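Listed here are the chains, written in short residue letters.
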Amino acid sequence: SSKPQPVSAPTHPTGWKDDGWDADEYYKADISGIRQECNAMIEASERELLPKFLRMVFHDCVGSACDGCINLDNIDNRGLLEPIEGIYPLVKKYGGKLSRADIWAICAIEAASMAVPGDGHHFPLHFIGRKNCADADDMGIGGEDHAMCGNDLTNHEMLQFFKDNFGMHDPREVVVIMGVHSASTANRDNSGFGNIGLEDGWVENAEEYILSNKYFKTMKNFVWELQKVENIYPVPNRHQWYFDPIDNGPIMTNSDMSLLYNFEGYIQADKHGDEGLVMCLTHPDAEFEIEGVDGEDIPLCPLAESTKEFVDMYADDNDLFIKDFGPAMNKILNWGYHTYD
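Caption draft 1: Main features of the pairing of strand E4 (residues 238-242). Within E4, five of the five residues are buried, leaving the element largely enclosed by the surrounding structure. Side chains of E4 alternate between two faces, with Arg238, Gln240 and Tyr242 and His239 and Trp241 buried alike. Sheet topology note: the strand E3 (residues 225-229)/E4 ladder contains five bridges and is antiparallel. Opposite valine 229, over in E4, you have arginine 238 as the bridge partner. Note: E4 against strand E5 (residues 251-252), two bridges, orientation antiparallel. Pairing of tryptophan 241 across the sheet is with methionine 252, part of E5.

Below, the structure is given as structure tokens:
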């Protein structure tokens, strides 16, 4: 009898590809199908799913790797059940070749591409081969409970978070990826930020979900003042930045504003124990109106020297922002798998 042949290893490739995987013979039909179906899903939702898919994948990648898992017991993951359930039919349909984590990443890169104005912008996906975590259900609900990016971080803490969680050692990368907030809205019921009953976000007309340098222009060009917002348990009370009129229009978190200002030594809990009270002003014309706090002699906040130059740079050049955003997003989507020089 003939000698038994060893079982051959899988022949389909995985890993990093400089020009992306969209044209790869083995994967291109599946990647194209996922992109098209995610695109249709986003359009059918009047684009409301666009920022939700982006938020889902960023939260997925926090920790040791992008692994297709979201722990919904973490309050910072409130609101993510909708995109997880929305994409689940694609996970079932395309799960034969691609992991759930890969499918989430493909849908997120398509959402980012759709957020760029004009016809047919295309951010490539450079990595295939993500592994699903072992302790979640088929939809991806479960897994480890990772600490998300805090909302009250100083500049140093922001840079450290992105270094620890995404391998981003260059402050420029951190600044450009934060620009995703231009295509996002803040839901008061989920995050505790934003305005009650309104689809406001970090820029004016945020509900258009457009990826642009408006985030940086908005941060630079308005007189921001601190506001305390009280929320319904379990969502904590928050401090957020706004410009007139109050309770309407764009907001910024302390972590956003820390790209421009160094809050080190100025940020604390208020008298009720609620985090995020910043004891400095971001503009000479700003007023300080926090209940129970004497607003006299509040100093101007010092500038964040390590990141301010990049906020200025992107505020002045939208094309450069879009050019730099794709590689930065891919770096997050590759976290835990691809090693950078």
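Caption draft 2: Representation of the side chain of histidine 181. Turning to its location among the elements, histidine 181 is positioned in the loop between helix H6 (171-178) and helix H7 (188-191). Look at histidine 181 and you get buried, because its relative accessible area is 18%.

Caption draft 3: Quick peek at the pattern of salt bridges. Summed over all chains, the structure comprises 14 salt bridges. Two residues, aspartate 24 and lysine 17, come together in a salt bridge whose shortest N-O distance is 3.0 Å. Two residues, lysine 93 and glutamate 37, come together in a salt bridge whose shortest N-O distance is 2.7 Å. A residue pair is termed long-range when its members are at least 10 positions apart, and lysine 93 in helix H3 (residues 81-94) and glutamate 37 in helix H1 (residues 28-44) qualify at 56 residues. Linked by salt bridges that have partners in common, Asp22, Arg35 and Glu110 make up one network.

Caption draft 4: Here's a closer look at the layout of surface pockets. In this structure, the largest pocket spans a volume of roughly 990 Å³. Lining the largest pocket are 42 residues, and of these Arg55, His59, His181, Ser191 and Trp202 sit closest to its centre. Listing elements by their share of the lining of the largest pocket, those giving two or more residues are helix H2 (49-61), H3, helix H5 (155-166), H6, H7 and helix H9 (254-257). Examining the composition of the lining of the largest pocket, we find that six residues originate from one element, H2, more than from any other. A per-class count over the lining of the largest pocket returns 22 nonpolar, 12 polar and eight charged. Reported here for the second largest pocket is a volume of approximately 270 Å³. Taken together, 15 residues line the second largest pocket, and the ones lying closest to its centre are Gln227, Lys228, Glu289, Ile290 and Glu291. Elements supplying a minimum of two residues to the lining of the second largest pocket: E3 and E4. Tallying contributions element by element places E3 first for the lining of the second largest pocket, with four residues.

Rules used throughout
Residues numbered from 1 in each chain as written. Predicted model: local features only at pLDDT ≥ 70, side-chain atom pairs only at ≥ 80, totals over all residues. Heavy atoms only, no water. Buried < 20%, exposed > 50% of the residue type's maximum accessible area, 1.4 Å probe, protein only. Helix = DSSP H or I, 4+ residues; strand = E, 2+ residues; numbered from the N terminus. Pairing = 2+ DSSP bridges. Salt bridge = Lys/Arg side-chain N within 4 Å of Asp/Glu carboxyl O. 1 Å grid on protein atoms, 1.4 Å probe; cavity = no way out; pocket = protein on both sides within 12 Å on 5 of 7 lines; lining within 4 Å. Points joined across faces, edges and corners; volume = space filled by probe spheres on them. Nonpolar A, V, L, I, M, F, W, Y, C, P; charged D, E, K, R; others polar.

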